[in-house]
Amino acid sequence: MFDDIEYTLNWMAKYSGTETLIYFLSLIAFAWFANAVLKHILIKAGFRFLDALPIENAAHGHKFIERLVNVLPAMVISVGIALVPGVPPVVVNVLQSLANAFIVLTIALAMGDALDIVNFIYQKREDANLRPIKGYVQVGKIIVYVLAIILIIAALLDRSPVILLSGLGAMAAVLMLIFQDTILSLVASLQITSNDLVRVGDWIEMPQLNADGDVVDVALHTVKVQNWDKTITTIPTKRLISESFINWRGMKESGGRRIKRSIYIDQNSIHFLDTAFLERLRSFSILQKYLEQKTAELETWNRKLAEQGFPEVNARRVTNVGTFRAYVEQYLRNHPRIRQDMTLLVRQLDPTPQGLPLEIYCFTKTVAWSEYEAIQSDIFDHLLAIIDQFDLRVFQSPSGNDLRQWQQPLRSASPAG
């Protein structure tokens, strides 16, 4: 056996190129084997530990362990490449520089994931919303990444990081002046990404820049928005940080889109309901329960007033506008396309010169624009058509046709000239 090994070594020494290739492939194989073994041990145990922590999303923790494991093969190559015979010194330096840069980059990304884990764990505290640390975590990640960039450049250039830091101070002012917009855009992009403010496909609205549509591209300097008329609005990235805008992503994710619209009722048409009118309204199936409860409540109230000797003017009575409001609410409660697990209100707003606003506030079961508009239109079609059954009128400013209708009786009553 020893003779075979000696023969193999002599043969490899005779063919130096083959010897170098074999040693290099052996180094790669050893690095891969060490990585595989460490992954089997560390990742398996680390994933179990992270899954036991109070973290809703353990993805950052899994990335942290996987990145740490990837450091080992780079370290093996950085140390072992110098032991491979026949490799030129220039190639050794290049491979060691690349391996060291990869190690620094991997450790920096792992530290960023570790800071995210710290933030996730901290958010489980009861007082986390009072003293959040997300801003400090982001600052820490920026410091880590800046130091990593300096160390990576130093490793690639095979220079001491101290030399780079000494020259960086002198160039900082010039670089900030030249790349001012780029730096601001970079910071804005980091904030947009870290805070998840805008994604491709989001519907955003920014009236001051005439932007109202879907985000189609998020770049370093600009964010492109395709408006509903198919035009493109280009927004500087830094404007999304310095100015306010509306992101409709929450609406899409909720699965319900809000209806908030009012019917303006002519206040001159509001009155109490007599017994005959109440009996006619009892034919509405969705009003029967309301009228029974309301009638019983008012009878009890009025009976007590009568026993105390108060005159009838103090009695409470059912109104047509209150009954219509109850009808609208029950109509929405029974509508198959309205979300019942979200806010549903039918309320009166302050009276205006245009009438009494009766506002409908609810959410549809779809977020698709066309379906949402169809549902909203169907609801108001029905309400505007049935409001006359409650002896109510929708307010409408007098038009030319209204004035002509008023003038006809006056002309007929006037004496012939």
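These numbers come from a predicted model, not from an experiment.

Scanning the entire structure with this criterion turns up 13 salt bridges. With its nearest N and O atoms 3.3 Å apart, the salt bridge here joins Arg249 to Asp196. Within this pair, whereas Arg249 is found in helix H10 (residues 249-254), its partner Asp196 is found in the loop between helix H8 (180-195) and strand E1 (203-206), the two being separated by 53 residues in sequence. Between Arg249 and Asp202 there is a salt bridge, with the nearest N and O atoms lying 2.7 Å from each other. You can see Arg249 sitting in helix H10 and its partner Asp202 sitting in the loop between H8 and E1, a full 47 residues away along the chain. Its relative accessible area of 13% is what places Arg249 among the buried residues. Each of Asp196, Arg199, Asp202 and Arg249 takes part in salt bridges that share partners, so that together they form one network.

On to the nonpolar core, then. A general trend in soluble globular proteins is that nonpolar side chains are found buried together. Core analysis: the biggest nonpolar cluster contains 35 residues, and Phe324, Tyr327, Leu332 and Ile379 have the highest contact counts within it. Those elements that provide at least two residues to this core are strand E6 (257-265), helix H11 (275-281), helix H12 (288-307), helix H13 (320-333), strand E8 (356-364) and helix H14 (369-386). Per-element tally for this core: the top contributor is H13, with seven residues. With eleven residues, the next largest nonpolar core counts Ile204, Val215, Val225 and Leu240 among its residues.

Time to look at H13. Between its terminal C-alpha atoms H13 stretches 20 Å, which fits the 20 Å expected from 14 residues at 1.5 Å a residue. Of all 14 residues making up H13, ten are buried, and the element is well covered by its neighbours. Buried residues of H13: Asn320, Val321, Gly322, Thr323, Phe324, Ala326, Tyr327, Val328, Tyr331 and Leu332, and no others. Buried residues in H13 make contact with E6, H11, H12, strand E7 (345-348), E8 and H14. Two or three places before Gly322, at the opening of H13, Thr319 has a side-chain oxygen 3.1 Å from that residue's backbone nitrogen.

Take the environment of Tyr331 next. Along the chain, Tyr331 turns up in helix H13. Spatially, the C-alpha atom of Tyr331 lies 9.3 Å from that of Leu287, the residues being 44 residues apart in sequence. If we skip the residues at most four places from it in the chain, Tyr331 touches Ile286, Ile379, His382 and Leu383.

To continue, consider the sheet that holds E7. The strand order E6-E8-E7 describes an open sheet built from three strands, whose pairing is antiparallel. Pairing within the sheet leaves two strands with one partner each, and these edge strands are E6 and E7. The mean inter-strand angle of the sheet, taken between neighbouring strand axes irrespective of direction, is 15°. Pairing of E7 with E8, which is carried by four bridges, proceeds in the antiparallel orientation. Considered in E8, the bridge of Arg347 is made with Glu359. Running over the sheet, H14 touches E6 and E8 and is turned about 25° from E6.

So, about the packing of aromatic side chains. With the rule as written, the count across this model stands at nine aromatic pairs. Between Phe324 and Phe390, the ring centres sit 5.2 Å apart and the planes meet at 65°, which makes this aromatic pair edge-to-face. You can see Phe324 sitting in helix H13 and its partner Phe390 sitting in the loop between H14 and helix H15 (400-413), a full 66 residues away along the chain. The class of Phe390 is buried, set by a relative accessible area of 0%. Taking the centre distance of 6.3 Å and the plane angle of 15° together, the rings of Tyr327 and Tyr331 count as stacked. Taken as a pair, Tyr327 and Tyr331 lie in helix H13 at a separation of four residues, close to a single helical turn. Here Tyr327 matches Tyr331 in class, with each residue buried. An aromatic cluster is present here, built from Phe284, Phe324, Tyr327, Tyr331 and Phe390 joined pairwise through their rings. The ring of Phe277 has Arg280 sitting right over it, with the charged end atom 4.4 Å from the ring centre.

About the cut-offs
Residues numbered from 1 in each chain as written. Predicted model: local features only at pLDDT ≥ 70, side-chain atom pairs only at ≥ 80, totals over all residues. Heavy atoms only, no water. Salt bridge = Lys/Arg side-chain N within 4 Å of Asp/Glu carboxyl O. Helix = DSSP H or I, 4+ residues; strand = E, 2+ residues; numbered from the N terminus. Buried < 20%, exposed > 50% of the residue type's maximum accessible area, 1.4 Å probe, protein only. Core = buried A, V, L, I, M, F, W, Y, C linked by side-chain atoms within 4.5 Å. Expected span 1.5 Å × (residues − 1). Contact = heavy atoms within 4.5 Å. Polar contact = N/O pair within 3.5 Å; in protein donor to acceptor, adjacent residues only side chain to side chain. Pairing = 2+ DSSP bridges. Axes fitted to C-alpha atoms, helices over the stretch in contact; angles between N-to-C directions. Phe/Tyr/Trp six-rings, centres within 6.5 Å; stacked < 30°, edge-to-face > 60°. Lys NZ or Arg CZ within 6 Å of the ring centre and 35° of its normal.

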